[in-house]
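So you can see what is in the structure, the chains are spelled out below.
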Amino acid sequence: MLIGIATITFLLVNAMPGDPVRIMLGPGTDQATIDAVQSRYGLDQPLYERYFNYMAGVAQGDLGNSIHYNGVPVTEKILERLPVTLLLVASSFTLAISMAVPLGAIAARRQNKATDHVSRIIALIGVSTPSFWIGLMLIIVFAYQLNVFPSSGLIMPWAHPSDVPQAANRIEVLGSSLYHLVLPTITLGTLQTAAIMRIQRSSMLEVLNRDYITLAQAYGVSSRTVLRKHALRNAQLPVVTIIGIQLTTALGGAVLTETVFSINGMGTLIITAVESQDYPLIMGVTLFFGVIFVVGVLITDLLYAYLDPRITYGGGDH
Amino acid sequence: MATPPETAEMGDQPVSSSAGEADESIRDLTGWRYTLAQIKRDRTARLGWYIISVVSVVAIVTYVDSQLLNYYIADTFWYHPERDAEGTALLPPVGLENSYGAGTWSHPLGTDQRGRDLLVRIVYGTRIAIQVGVVATGLGVIVGTIIGAVSGYYGGWIDDILQRTVETVYAIPFLILVIAIMSAFGRHLWIAIVGVGIVTVPIFARLIRSEVLKVREEEYIEAAKAIGVKDRHILARHIIPNSFAPVLVQGTLQIGVNILIVAGLSFLGFGVQPPTPSWGQILADSRGYMLPNPWFSIFPGIAILVTVMGFNLLGDGLRDALDPRNNG
């Protein structure tokens, strides 16, 4: 599949009009310089040759050199930005799962009661709202009007105190990091929360209507125990599926969130790459997004096996 | 969104008491009539239907005015959505005041940074959202149905190749794939439509494939094969129509998702290019003026929210109405 992603992005990127070298060097550069730079990045070779060279490089973990960033290896640039995006996505998923699973379960338990209606309306608004607009609204309210959270930037929790303004030690760096993370996390996490909540509710309802739940209730097992021990775990399979699917949505959403909050992550990196037509960088970033997705699917599969011991992957074919 | 089995048990709810009576009257209906009756009875789905109707009419009128009449209607009776106006930049909505002046009824929602009326820009932005949302989803449904049906029906190596391709497209985040497509082929409206359509294909290809796998084993398909009906015919006449219900539900919901994608694209500057108004692009414009005139950012978002919610409400209603478990 990763070969497929590499091929698709390679073809797409090479269909782009314009010439990254000319964009970088600017107008009025003489032809000899352009030729020299083009041959340095291998852009003077025929398409199929570049394709095989690129694929051979990818197989060895070499994604080529960025043109826009003056020949810095693409992998280096990505590894510099990747933690930022992963932190953002991880924190938004933490928010989403910790909010959505209990809320969805409670909504299902209190079906058609006020709690259920309120949570369904919130979930509906959540899946209908553009995430970047939530970001803009949060900035207007919390950064500009109330002045409680910063409107831009992100600080990594493991950054060195000397690199962080107004932070004397590691604790303060951590605090500053969390402080900067609040608004982007809500921005990116709202859609995930709403989507997971909807699935959690419907999946829970389905499980609660099963015979074995009725049986447990008939035996006099308390409703809290039924909910926690019998229903919740079995209702998690569709939820895990949707979390896996939400991963690509979240990675796409990270592009918007990073733009809104001016965070230097993978999202803003690909925008820069596209604006400057930096072929190797575009291909590299897209490929990395694919890798993250594949890892996500793998984790989903493992979670399946954990939640439902009947599922085994011994046959290799699933 | 209230489903019959749920409501039937809850006799004390106002929604369900009327639903209980209606159950008697629609029990004899079948197929489309049944679904329509269900939708009409479902208050939230009906709200979704009203929203979509209003938005669609607005989209059609603004499409005709912008494409065929060159903004004749808007310019004559209202404001030109694309022409800059002097001295009215960044006014707040009516009744409010900011550093640029006071809001008046002549610009009920205020104005943008070029003095253009915000309401007229939002109204004329509707057509981009609906056009891309509906056409791209339609494209995704058609191509996805063909791929999914062929893949599921024939199986074997055809299935393998098609599924691997579809999975690959699916693995790249939607927004990034569309951005890559748009930067490769140009930032035009129809490329946005095709791009969003392409990222929609995998969703329907997978959906149809799983439906086909279910339907394929039915006896009537075997019977059709036995009397020598061609594969193409079986696919088009029997298998695809039988997979229609989930596609309709997913399609309605997907229009909402695609409107969100288009808004995101325009926000990043990859959608329709200025001065053509689109919701995402108005929001992008507003980013620089969130402090002096926050209303500029608020209204376009509400337009997106309401429209997408309309499709979500109707989609949920359709799901409840078409779910065979609810028909019993």
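Residues numbered from 1 in each chain as written. Chains lettered and ligands numbered in written order. Predicted model: local features only at pLDDT ≥ 70, side-chain atom pairs only at ≥ 80, totals over all residues. Heavy atoms only, no water.

Colleague: Give a detailed account of the overall build of chain A, specifying residues and quantitative values.
Modeller: A count of helical and extended segments in chain A gives 13 helices and zero strands. The helix and strand sequence of chain A, counted from the amino end, reads α-α-α-α-α-α-α-α-α-α-α-α-α. Here chain A holds 318 residues, and the buried ones make up 51% of them. Considering only residue pairs separated by 6 or more positions, chain A has 72% of its internal contacts joining residues 24 or more positions apart. Carbon and sulfur atoms form 63% of the exposed surface of chain A, whose accessible area is close to 15000 Å². (Helix = DSSP H or I, 4+ residues; strand = E, 2+ residues; numbered from the N terminus. Buried < 20%, exposed > 50% of the residue type's maximum accessible area, 1.4 Å probe, protein only. Contact = heavy atoms within 4.5 Å. Areas by Shrake-Rupley, 256 points an atom, 1.4 Å probe, with all protein chains shown as cover.)

Colleague: Provide a residue-level description of the UniProt feature "transmembrane region" (unreviewed entry) in chain A, including the pertinent values.
Modeller: All names here are of chain A. Sequence positions flagged by UniProt for "transmembrane region" (unreviewed entry) are, in local numbering, residues 86–109, 121–144, 178–197, 237–261 and 281–304. What you have in residues 86–109 is 100% helix and 0% strand, and the ends, taken at the C-alpha atoms, are 34 Å apart. Here residues 121–144 is 92% helix and 0% strand, with 28 Å between the C-alpha atoms at its ends. (UniProt positions renumbered as here; feature names shortened; annotations may be inferred.)

Colleague: Provide a residue-level description of the packing of aromatic side chains, including the pertinent values.
Modeller: Residue and element names in this part refer to chain A. For the structure on display, the rule yields nine aromatic pairs over all chains. Both rings, one in Phe-142 and one in Phe-149, keep their centres 6.2 Å apart while their planes meet at 65°; by these two values the pair is edge-to-face. Look at Phe-142 and you get partly exposed, because its relative accessible area is 29%. Relative accessible area serves as the criterion here: at 22%, Phe-149 is assigned to the partly exposed category. Three or more aromatic residues joined by ring pairs make a cluster, and in this case those are Phe-142, Phe-149 and Tyr-179. (Phe/Tyr/Trp six-rings, centres within 6.5 Å; stacked < 30°, edge-to-face > 60°.)

Colleague: Any details on the packing of helix α8 (residues 170–208) of chain A against helix α11 (residues 236–260) of chain A? Residues and values, ideally.
Modeller: Residue and element names in this part refer to chain A. Contact geometry of α8 with α11 gives a least axis separation of 9 Å together with a crossing angle of 160°. One finds that α8 runs roughly antiparallel with respect to α11. For the crossing formed where α8 meets α11, the hand is right-handed. Facing Pro-184, Thr-187, Leu-188, Leu-191, Gln-192, Ala-195, Ile-196, Ile-199, Gln-200 and Ser-203 of α8, the residues of α11 in contact are Gln-236, Pro-238, Val-239, Ile-242, Ile-243, Gln-246, Thr-249, Ala-250, Gly-253, Ala-254 and Thr-257. (Axes fitted to C-alpha atoms, helices over the stretch in contact; angles between N-to-C directions. Parallel < 35°, antiparallel > 145°, perpendicular 65-115°, else oblique. Left-handed = near helix turned anticlockwise from the far one by under 90°.)

Colleague: Before we move on, can you summarise the interface of chain B and chain A with the specific residues and values?
Modeller: In this assembly, 45 residues from chain B lie in contact with 48 residues from chain A. In total, chain B and chain A occlude about 4200 Å² of area from one another, counting both sides; carbon and sulfur atoms represent 74% of this. If you look at where chain B meets chain A, you find two salt bridges. With a shortest N-O distance of 3.6 Å, Arg-187 of chain B and Glu-275 of chain A are connected by a salt bridge. Inspection of the chain B/chain A interface yields six residue pairs in polar contact (both at pLDDT 80 or more). (Buried area = accessible area lost by both parts, 1.4 Å probe. Salt bridge = Lys/Arg side-chain N within 4 Å of Asp/Glu carboxyl O. Polar contact = N/O pair within 3.5 Å; in protein donor to acceptor, adjacent residues only side chain to side chain.)

Colleague: Describe the UniProt feature "transmembrane region" (unreviewed entry) in chain B, with residues and values.
Modeller: All names here are of chain B. Under the UniProt annotation, "transmembrane region" (unreviewed entry) lies at residues 47–64, 128–154, 166–183, 189–208, 247–270 and 295–315. Each end of residues 128–154 is marked by a C-alpha atom, and these two atoms are 38 Å apart; helix forms 100% of the span and strand 0%. The straight-line gap between the two end C-alpha atoms of residues 295–315 is 30 Å; of that span, 100% is helix and 0% is strand.

Colleague: Explain the packing of helix α6 (residues 114–128) of chain A against α8 of chain A residue by residue, including any values.
Modeller: Residue and element names in this part refer to chain A. Running from N to C, α6 and α8 point in directions that differ by 135°, and their axes come no closer than 8 Å. Overall, the two elements α6 and α8 adopt an arrangement that is oblique. As for how α6 packs across α8, the hand of that crossing is left-handed. Facing α6, whose interface residues are Asp-116, Ser-119, Arg-120, Ala-123, Leu-124, Gly-126 and Val-127, α8 presents Thr-190, Leu-191, Ala-194, Ala-195, Met-197, Arg-198 and Arg-201.

Colleague: Go over helix α7 (residues 156–171) of chain B with me, naming the residues and quoting the values.
Modeller: Helix length check: α7 of chain B, at 16 residues, gives a terminal C-alpha distance of 22 Å against a target of 22 Å (1.5 Å per residue), a fit within 8%. Every buried residue of α7 of chain B is accounted for by Asp-159, Gln-163, Val-166, Thr-168, Val-169, Tyr-170 and Ala-171 of chain B. (Expected span 1.5 Å × (residues − 1).)

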